[in-house]
Amino acid sequence: ETDPQREPTPKASEQLSAGDIGNIRRQLQDCWRVPAGAKNAADLVVEIAVRLNRDGSVRHAEIATTERMNDSFYRAAAESALRAVHICSPLEGLPVDKYESWQRMRLTFDPKEMFGS
């Protein structure tokens, strides 16, 4: 019996490759501005839940990690990450044949990974 609420898991052949993920990361890195003067900027890891259209444009995006939104620096970083997703829309170079694996994603914005601090 299948749970209708549960999203189907993409088959291994539909998974994004490391190159695909690197491509997404490069595009977002160019659009994301970590707020200047943010304390502990390296700890401002934000996740954005995104639904994309087949052309790579954003259908819906929201901040997925909300437990620290009362911290003004974190909130600024999270809002900046959300803006970056919209600024970079549409994401380019996504494999159309793997749409099932990238139509819904959780994008992690981590200053240490993106900017090598």
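One can find the structure itself at the top, above this paragraph.
A short tour of the structure in this document, coming up.

Things to note about unusual backbone geometry
Residue Pro90 is reached from Ser89 by a cis peptide bond, and omega for that bond is 0°. Looking at the secondary structure, you find Pro90 in the loop between helix 2 (72–87) and helix 3 (99–102).

A closer look at the state of the cysteines
One pass over the structure, following the stated rule, counts one disulfide. Note on cysteine connectivity: Cys31 is disulfide-linked to Cys88, with sulfurs 1.9 Å apart. What sets the handedness of the Cys31 and Cys88 disulfide is the S-S torsion sign, and at about 105° it is right-handed. Taken together, the positions of Cys31 in helix 1 (residues 18–31) and Cys88 in the loop between helix 2 and helix 3 put the pair 57 residues apart, joining distant regions of the chain. What makes Cys31 buried here is its relative accessible area of 17%.

Scoring rules and cut-offs
- Residues numbered from 1 in each chain as written.
- Predicted model: local features only at pLDDT ≥ 70, side-chain atom pairs only at ≥ 80, totals over all residues.
- Heavy atoms only, no water.
- Helix = DSSP H or I, 4+ residues; strand = E, 2+ residues; numbered from the N terminus.
- Disulfide = S-S within 2.5 Å.
- Buried < 20%, exposed > 50% of the residue type's maximum accessible area, 1.4 Å probe, protein only.

Nothing here speaks to function; it is all geometry.
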